[in-house]
Amino acid sequence: MASLQMAALLSAPSTPVTSDRVRLGPLRLSASSSSAARNGGALVVRSEAKVSGGGVSARGLSLITHAVAEKAAAASSADSKPGHELLLFEALREGLDEEMERDPTVCVMGEDVGHYGGSYKVTKGLATKYGDLRVLDTPIAENSFTGMGIGSAMTGLRPVVEGMNMGFLLLAYNQISNNCGMLHYTSGGQFKIPIVIRGPGGVGRQLGAEHSQRLESYFQSIPGLQMVACSTPYNAKGLMKAAIRSENPVVLFEHVLLYNLKERIPDEEYVLSLEEAEMVRPGEHVTILTYSRMRYHVMQAAKTLVNKGYDPEVIDIRSLKPFDLYTIGNSIKKTHRVLIVEECMRTGGIGASLRSAIIDNFWDYLDAPILCLSSQDVPTPYAGTLENWTVVQPEQIVAAVEQLCK
Amino acid sequence: MAAALLRRASTSPSASLLRPLSGRLFSSSSDESVLSIETSVPFTGHKIEPPSRMVDTTPKELLSFFSDMALMRRMEIAADSLYKAKLIRGFCHLYDGQEAVAVGMEAAITKADGIITAYRDHCTFLGRGGNLVQAFSELMGRQAGCSNGKGGSMHFYKKDASFYGGHGIVGAQVPLGCGVAFAQKYNKEGAVTFALYGDGAANQGQLFEALNISALWDLPAILVCENNHYGMGTAEWRAAKSPAYYKRGDYVPGLKVDGMDALAVKQACKFAKEYALSNGPIILEMDTYRYHGHSMSDPGSTYRTRDEISGVRQVSRERDPIERVRKLILAHDIAPASELKDIEKEVRKQVDDAIAQAKESPMHDPSELFTNVYVKGYGAESFGADRKEIRATLP
């Protein structure tokens, strides 16, 4: 597995990298990021299974290994294995619950998050536990409740705003762009907006065009925003916790079809890095960059590719803004071929930006043009077959890799 | 010395005034005796009993009203000249004529209470404790500005005084303000938030959304409509089917206030604060007027007549907030006219000095382009999509 301890691979000047401190930086829970009464007992686990960060938990734990969730393997449940098994939405809930317990300024706002338990059950049970002032049912008014979340974040609260479907947050776009993303800058650093905006997006099972939107492409140019996409229960919980603890506004993209993924996750508390990509499957021949649901299509294609004799390296980029060019760059230096598989539209999607970023930084390492497989530039049709053709399917990924490796 | 109660007779401008019974000499500003002054226009309530027209004030407070408003007026006039001299660029929305709202509100609340407003925020910033040098530096884009020069005219903020800005998008500050009120309730602070907006913004849907949520959750939010009767070039009757903005909260009570009378504003804000702390949101409509156009690029006379503007200003019409307080001070022998003139001269000098100082403040270094995009620390290290700091060499 490529080591990341090396001098800065990016040619642009940056802070000098010392040998023990990689570009990722030790991710400490900064004391300033929280109010009083924090227990700094969380371990920060990075994808190459190294632990960093301040404060080893008092429980004196052994290392948590990074769990790769491949669809088939996750179901095996030997009782002797450490950790506990749960579904992705339960992992999100666990992360949220732990953060709400730990920090009284964390609150949840959204439609039907309280008494109803959340339309995808992510917040189920939280209202009974924390009360109506911390788990708030809002009326259907995205623009204003997102604005209210941002306003309360200006004073120091840490709201988690849920869009019942990411597409509904288009109504709150003004608040997210102007107030959420820009307030820290236009106020000269006076106000921080530690808000988390989350919700399911992506193409589901025949949900129709308006409920199958991919907002990561719309939000990606907003300065000041951070975006992450979760894909497994393990990273869902870790990213949820990291997003809540972050001082910056974070948009956490979940996927409608991934909520019922099952995986065994550690019992111990862990937080993941918001800016880090996940190495799903190391390989030698081609780098496949993907995120969210497409990860599973890629892994399915990977099986076929392996049978055909290819050795793809699959990276789940997880951090959509900013991109983790370290992990990506290291991979490109090894394989020299890149395929991006995403669910965004071809025009102006995450893949488009990622492609530019790779070309800007790693042009000399490429042996072939970067291929980008994205969804078609059409409103997602209702008809099942048409919907399947809108998104990238494993067969297309196999064909693309074969073309790249010719 | 017994407090001398002076009653202002009816609404006519040159009503005879009762002389104080005790032969008090011209008071110094440390005189704390309470004066009860009647507002010239009564309050109108919607679903609420309006407060009394008799406002308690002190000579000290009246003098402070005068000097604060004179400072604000002078600042705005100076900003006008700076803009024409191209030292201030972009948008510049001036508040002269509306000073009574800023000053009256401050007199009724503390720095723990929050204020959020739209882009006509220079005077509100001063009222919250901002100083002139910060204001002018920000307008001229210098480092000493209150937002480091990166915000501009529309983005003045002062966190330590609970002044939440300074927002460019019409109406978007009201949900933010309700969010601040939510946080105040969440933290049990016993404070309220005033979310100011204009008659133009009063037609924004997000206002009603935020009001609904605030009423549902009983938030200590006070929505204040600074009705200067023109949404840029559109008169209120052309934009709103119901220009009675204080009534538009429907289930939320409202109060209509003469916004050119600092004492009426003070009374209304005090009343609203007490109400909001226990009962949830309330709407205040400040009937006010702006002398300048909407912004510096708007002459302000294409949609209203010059007669109207001067009519409001004229002393005999008595609406100008500063003239009104001047008359009160003179009528109650709080200070002689010459002292007031001195205050105005002093204010002029302060503004000129502040401008000179602001001009000395340095312009930005190119590296400042990238500061404060993200909060450095947990989880965030870079600025661009590429996860590195982009260092641009600017010519």
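For the structure itself, look to the data block above.
Note that this is a predicted model, so its numbers are computed, not measured. (Residues numbered from 1 in each chain as written. Chains lettered and ligands numbered in written order. Predicted model: local features only at pLDDT ≥ 70, side-chain atom pairs only at ≥ 80, totals over all residues. Heavy atoms only, no water.)

A. Region of interest: the sheet that holds strand E9 (residues 254–258) of chain B. Residues and elements named next belong to chain B. Here we have six strands laid out as an open sheet, ordered E2-E9-E10-E6-E5-E4, and mixed in their pairing. Bordering the open sheet on either side are strand E2 (44–46) and strand E4 (114–116), each of which pairs with just one other strand. If you compare each strand with its neighbour and ignore which way they point, the axes differ by 20 degrees on average. The strands touched by helix H5 (residues 173–186) within the sheet are E4, strand E5 (193–198) and strand E6 (221–227), with E5 carrying the most contacts at an inclination of about 175 degrees. The strands touched by helix H8 (residues 262–279) are E5, E6, E9 and strand E10 (282–287); relative to E10, the strand with the most contacts, the crossing angle is about 175 degrees. (Pairing = 2+ DSSP bridges. Helix = DSSP H or I, 4+ residues; strand = E, 2+ residues; numbered from the N terminus. Axes fitted to C-alpha atoms, helices over the stretch in contact; angles between N-to-C directions. Contact = heavy atoms within 4.5 Å.)

B. The nonpolar core, seen in detail. Core analysis: the largest hydrophobic core is formed by 78 residues, its most contacted members being A:Phe219, A:Phe253, A:Leu289, A:Ile317, A:Ile358, B:Phe182 and B:Tyr197. The element best represented in this core is H5(B), accounting for eight residues. Those residues within four positions of B:Phe182 in sequence are excluded, and the remaining contacts are A:Cys107, A:Met109, A:Leu133, A:Leu136, A:Met148, A:Ser152, A:Leu157, B:Trp217 and B:Leu219. (Core = buried A, V, L, I, M, F, W, Y, C linked by side-chain atoms within 4.5 Å. Buried < 20%, exposed > 50% of the residue type's maximum accessible area, 1.4 Å probe, protein only.)

C. A look at the side chain of B:Arg319. Residues and elements named next belong to chain B. By secondary structure assignment, the location of Arg319 is in the loop between helix H9 (306–313) and helix H10 (321–331). For Arg319, a relative accessible area of 19% gives the class buried. At 3.4 Å, the side chain of Arg319 and the side chain of Asp258 are in polar contact. A distance of 3.4 Å separates a polar atom in the side chain of Arg319 from the backbone oxygen of Asp287. Those residues within four positions of Arg319 in sequence are excluded, and the remaining contacts are Asp258, Met260, Asp287, Val312, Gln314 and Arg324. (Polar contact = N/O pair within 3.5 Å; in protein donor to acceptor, adjacent residues only side chain to side chain.)

D. Spotlight on the interface of chain A and chain B. Contact with chain A, which involves 70 residues of that partner, is made by 50 residues of chain B. Area buried by chain A at its contact with chain B is led by A:Met148, A:Tyr185 and A:Gln190, which between them contribute 15% of it. At the junction of chain A with chain B, the criterion picks out zero salt bridges. (Buried area = accessible area lost by both parts, 1.4 Å probe. Salt bridge = Lys/Arg side-chain N within 4 Å of Asp/Glu carboxyl O.)

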